[in-house]
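One-letter residues, chain by chain:
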Amino acid sequence: DFYVDSHVLYFLGLALVGVANCVAQQLRFAAAEAVKPGDRPRALSFGVAGGTLAAFIGPEVAKATRASLEKEFAGCFLAMAACYAALVAFTVCIKSAGPRRGVKEEKGAAFTWPHAEFARSARARKGLACVTCAWTAMFLAMSAAPLAMTGER
């Protein structure tokens, strides 16, 4: 039994879910920047189609895993972790993540994402913190509601 009665661990987990959702949402914008300008509408369409597909698949996965473990909803969180692992595996395979400003596009050259520039950006860090807090609060409310309705702790 891996159940741990810890509010700190629960909030830490929710914060990590918030970060993962922030990254997943950011991929929509990265898709538009990772392709040539003429291919951006198609890339965005794939992002919207994937989100729409996930809107149907996600609840079905939650229903299927809700009571799969001894503690109700524990299977849902493990399934969600598996989905995030699949997201990581997918994004690691992406070769380009968008053109850098001021760099000429060379024929056949892969683009690189300016990680250092992003890390130095105060606005980017502030935005990441805000989105992480918002997603954490949303997951806290969405997790607490079913528990309150079932009367369990």
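Here, the structure is the one placed above.
Bear in mind the structure is a predicted one, so any value in this text is a computation, not a measurement.

1. What about the overall build of the chain?
In step 1: Along the chain, the regular secondary structure elements total five helices and zero strands.
In step 2: Secondary structure elements in the chain, listed N-terminal to C-terminal, are α-α-α-α-α.
In step 3: For the chain, the residues scored as buried account for 16% of the 153 residues in total.
In step 4: Pairs at least 24 apart in sequence give 62% of the contacts found in the chain among residues at least 6 apart.
In step 5: For the chain, the exposed surface amounts to about 11400 Å²; the carbon and sulfur share of it is 68%.

2. Details of the nonpolar core
In step 1: Leu14, Val17, Ala20, Met80, Tyr84 and Phe139 together form the largest nonpolar core, which totals six residues.
In step 2: Those elements giving two or more residues to this core turn out to be helix H1 (7-33) and helix H3 (74-92).
In step 3: It is H1 that provides the largest number of residues to this core, a total of three residues.
In step 4: The contact partners of Leu14, leaving out residues within four places of it in the chain, are Thr136, Phe139, Leu140 and Ser143.

3. Examining the pattern of salt bridges
In step 1: Under the definition given, this model contains two salt bridges.
In step 2: Lys63 is the salt-bridge partner of Glu60, the closest N and O atoms lying 3.2 Å from each other. Linking Glu60 with Lys63, this pair stays in helix H2 (residues 40-65), spanning three residues, or about one helical turn.
In step 3: Notably, a salt bridge pairs Glu72 with Arg66, separated by 2.5 Å at the nearest N-O pair.

4. What to know about the packing of aromatic side chains
In step 1: Across all of its chains, the model carries one aromatic pair by this definition.
In step 2: Each ring, one from Tyr10 and one from Phe11, has its centre 5.5 Å from the other, and the planes form 70°; the classification is edge-to-face.
In step 3: A residue is classified by how much of its surface remains accessible, and Phe11, at 40% relative accessible area, is partly exposed.

5. Some points on the side chain of Asn21
In step 1: Mapping Asn21 onto the fold places it in helix H1.
In step 2: Take Asn21: its relative accessible area is 9%, and that puts it in the buried class.
In step 3: At 2.9 Å, the side chain of Asn21 forms a polar contact with the side chain of Tyr84.
In step 4: When sequence neighbours within four positions are dropped, the list of residues in contact with Asn21 reads Tyr84, Trp135 and Phe139.

The rules we used
Residues numbered from 1 in each chain as written. Predicted model: local features only at pLDDT ≥ 70, side-chain atom pairs only at ≥ 80, totals over all residues. Heavy atoms only, no water. Helix = DSSP H or I, 4+ residues; strand = E, 2+ residues; numbered from the N terminus. Buried < 20%, exposed > 50% of the residue type's maximum accessible area, 1.4 Å probe, protein only. Contact = heavy atoms within 4.5 Å. Areas by Shrake-Rupley, 256 points an atom, 1.4 Å probe, with all protein chains shown as cover. Core = buried A, V, L, I, M, F, W, Y, C linked by side-chain atoms within 4.5 Å. Salt bridge = Lys/Arg side-chain N within 4 Å of Asp/Glu carboxyl O. Phe/Tyr/Trp six-rings, centres within 6.5 Å; stacked < 30°, edge-to-face > 60°. Polar contact = N/O pair within 3.5 Å; in protein donor to acceptor, adjacent residues only side chain to side chain.

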